[in-house]
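Okay, here's what each chain looks like letter by letter:
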Amino acid sequence: MEETNQTRTELTAFAEKIQLLREQIAQVIVGQEQAVDLVLTAIIADGHVLIEGVPGVAKTLLARLVSRLIDTRFSRIQFTPDLMPSDVLGTTVFNMKTQTFDFHPGPVFSDIVLVDEINRAPAKTQAALFEVMEERQVTIDGETRRMGDVYTVIATQNPVEQEGTYKLPEAQTDRFLMKITMGYPSEEEEVQILERHLQNRTFTRLEDVVPVITHDELLALRRRLSDVFVEPSLMKYIVGIVQQSRRSKAIFLGASPRASVAMLNASRAYALLQGRDFVTPDDIQQVTPPILQHRLILTAEAEMEGHTPLKVARRLIEKVEVPK
């Protein structure tokens, strides 16, 4: 009983931290509540995030803001067509004084790494992220260097630009826990944005944002995931959705078991975000579309009919019976 009360107390404390996070983000970004919740869910679930949206919907701002609210190391990499792997990972330089080679770490050596416009770099540079995203380590000149225990990559990309961009390999997109689509603000939200500018009310500057969660608190929140209860029927529900993706006539390549694990972890993190220590079917339904949409390859017929991976992912949920 005492342990249960302690767990409830910790959940209440974490819920207050999460609410403070949301309030701080709302001071800088108008709307986008769902995208904010999904980014926080992915970070709690120890996963990387790919944010996609047209220019001007605050993709980079959201990523930078989240990194400011967590008291940990942050770095930003602007991907360009001429970016080399050494510009990301770092390089070994000969030291004339010591007559030895010194390693100069690249910007990927941080805790939260923002990769801006990730689809602008060629395949060679994209491949530089494979090992560090999957195994949280980098091997250079035969020596392996491990990342920190909160290591997270937040990447952004624009879906409309074609010139000077490169399609991300499926193996790389699969390493992202979620692909979050940020849309346009609603009419009311856009009016609110204009009113702020009309009244000369500047948005809160990133430099003025004070961290809300410490490095250790984020690790404690991640450890709390193991205490979030998942009923066996809900695990079957997750597997049913993934299995449905492999049977659908609209899908050429369905989701792998990695997607099932991602749905399990993300639903637990989403439940924590809501202040609960148990998962509901709604938690699974909320995290499934952003987890599946970048893992599904549609058939040519489905694409010609105007289907998108996000729409198909939502339909998969509708086809599986919800546990009672």
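Values in this document were obtained by computation on a predicted structure and should not be read as measured data.

S.K.: Hey, could you run me through the sheet that holds strand 10 (residues 176–181) in this one?
M.R.: Sheet strands pair by backbone hydrogen bonding; their relative direction is either parallel or antiparallel. Taken in spatial order, the five strands line up as 3-6-9-1-10 in an open sheet, and their pairing is parallel. For this open sheet the edge positions go to strand 3 (74–78) and strand 10, each flanked by a neighbour on one side alone. Going from strand to strand, the sheet's axes swing by 15° on average, the running direction of each strand aside.

S.K.: Which parts of the structure should I look at to understand the packing of aromatic side chains?
M.R.: A ring pair, where both rings are aromatic, is described by two values, the distance of the centres and the angle of the planes. Evaluated as defined, the whole model comprises zero aromatic pairs. In this structure, Arg175 is placed above the aromatic ring of Phe130, and the distance from its NZ or CZ to the ring centre is 4.8 Å. The ring centre of Phe278 lies 5.4 Å from the NZ or CZ of Arg276, which sits over that ring.

S.K.: Sorry, what's going on with the confidence of the model for the protein chain here?
M.R.: Residues shown with low pLDDT carry predicted positions that ought not to be read at fine detail. Residues of the protein chain with pLDDT of at least 70 account for 93%, and the chain-wide mean is 84. By mean pLDDT, helix 1 (residues 2–28) is the weakest element of the protein chain at 71, and helix 11 (residues 281–292) is the strongest at 93.

S.K.: Got a minute to help me understand the nonpolar core in this structure?
M.R.: Soluble globular proteins tend to bury their nonpolar side chains together. If you look at the biggest cluster of nonpolar residues, it comprises 72 residues, and the most contacted ones within it are Leu62, Met178, Ile241 and Leu292. When neighbours within four sequence positions are excluded, Met178 is seen to be in contact with Leu38, Thr41, Ala42, His48, Val49, Leu50, Ala266, Val287, Pro290, Ile291 and His294. The next biggest cluster of nonpolar side chains, apart from the first, holds 25 residues, and it includes Phe79, Ala121, Met147 and Leu168.

S.K.: Help me out: how do you make sense of the pairing of strand 9 (residues 152–157) in this one?
M.R.: On a regular strand, each side chain points to the face opposite its neighbour's, so the side chains alternate between the two faces of the sheet. Counted residue by residue, strand 9 has six buried out of six residues, so it is predominantly covered. Of the two faces of strand 9, the one lined by Thr152, Ile154 and Thr156 and the one lined by Val153, Ala155 and Gln157 are each fully buried. The sheet contact formed by strand 1 (residues 48–52) and strand 9 spans four bridges and is parallel. When the sheet's bridge partners are listed, Leu50 is paired in strand 9 with Ala155. Across four bridges, the pairing between strand 6 (residues 112–116) and strand 9 is parallel. The partner of Val113 across the bridge, within strand 9, is Val153.

S.K.: In this structure, what is going on with the side chain of Gln157? I would like to understand it.
M.R.: Within the element layout of this structure, Gln157 appears in strand 9. When neighbours within four sequence positions are excluded, Gln157 is seen to be in contact with Leu50, Ile51, Glu52, Gly53, Lys59, Glu117, Ile118, Asn119, Leu168 and Lys179.

S.K.: Just to check I follow, could you spell out the pairing of strand 7 (residues 137–140) for this structure?
M.R.: Pairing of strand 7 with strand 8 (residues 143–146), which is carried by four bridges, proceeds in the antiparallel orientation. Of the residues in strand 8, the one forming a bridge with Gln137 is Arg146. Between strand 7 and strand 8, which pair antiparallel in sequence order, lie two residues; one of them, Asp141, sits at a positive phi of approximately 55°.

S.K.: Looking at this structure, I do not really get the environment of Gln137. What am I missing?
M.R.: In this fold, Gln137 is placed in strand 7. Side-chain polar atoms of Gln137 contact the side chain of Glu131, separated by 3.2 Å.

S.K.: Looking at this structure, how should I read the packing of helix 11 against helix 13 (residues 309–319)?
M.R.: The angle between the axes and the distance between the axes are what describe a pair of packed helices. With their axes 8 Å apart at the nearest point, helix 11 and helix 13 run at an angle of 140° to one another. Taken together, helix 11 and helix 13 sit at an angle that is classed as oblique. Remark: the crossing between helix 11 and helix 13 carries right-handed chirality. Across the interface between the two elements, Gln285, Thr288, Pro289 and Leu292 of helix 11 pack against Leu310, Ala313, Arg314, Leu316 and Ile317 of helix 13. Looking at the contact of helix 11 with helix 13 residue by residue, the classes come out as six nonpolar, two polar and one charged.

S.K.: I tried to follow the environment of Asp149 on my own but got confused; where do I start?
M.R.: Tracing the chain through its elements places Asp149 in the loop between strand 8 and strand 9. Owing to a relative accessible area of 47%, Asp149 belongs among the partly exposed residues under this scheme. Through-space distance from the C-alpha of Asp149 to that of Glu23 is 26 Å; in sequence the pair is 126 residues apart. Polar side-chain contacts of Asp149 include one of 3.1 Å to the side chain of His215.

Quick notes on the rules
Residues numbered from 1 in each chain as written. Predicted model: local features only at pLDDT ≥ 70, side-chain atom pairs only at ≥ 80, totals over all residues. Heavy atoms only, no water. Pairing = 2+ DSSP bridges. Helix = DSSP H or I, 4+ residues; strand = E, 2+ residues; numbered from the N terminus. Axes fitted to C-alpha atoms, helices over the stretch in contact; angles between N-to-C directions. Phe/Tyr/Trp six-rings, centres within 6.5 Å; stacked < 30°, edge-to-face > 60°. Lys NZ or Arg CZ within 6 Å of the ring centre and 35° of its normal. pLDDT = per-residue confidence, 0-100. Core = buried A, V, L, I, M, F, W, Y, C linked by side-chain atoms within 4.5 Å. Buried < 20%, exposed > 50% of the residue type's maximum accessible area, 1.4 Å probe, protein only. Contact = heavy atoms within 4.5 Å. Polar contact = N/O pair within 3.5 Å; in protein donor to acceptor, adjacent residues only side chain to side chain. Parallel < 35°, antiparallel > 145°, perpendicular 65-115°, else oblique. Left-handed = near helix turned anticlockwise from the far one by under 90°. Nonpolar A, V, L, I, M, F, W, Y, C, P; charged D, E, K, R; others polar.

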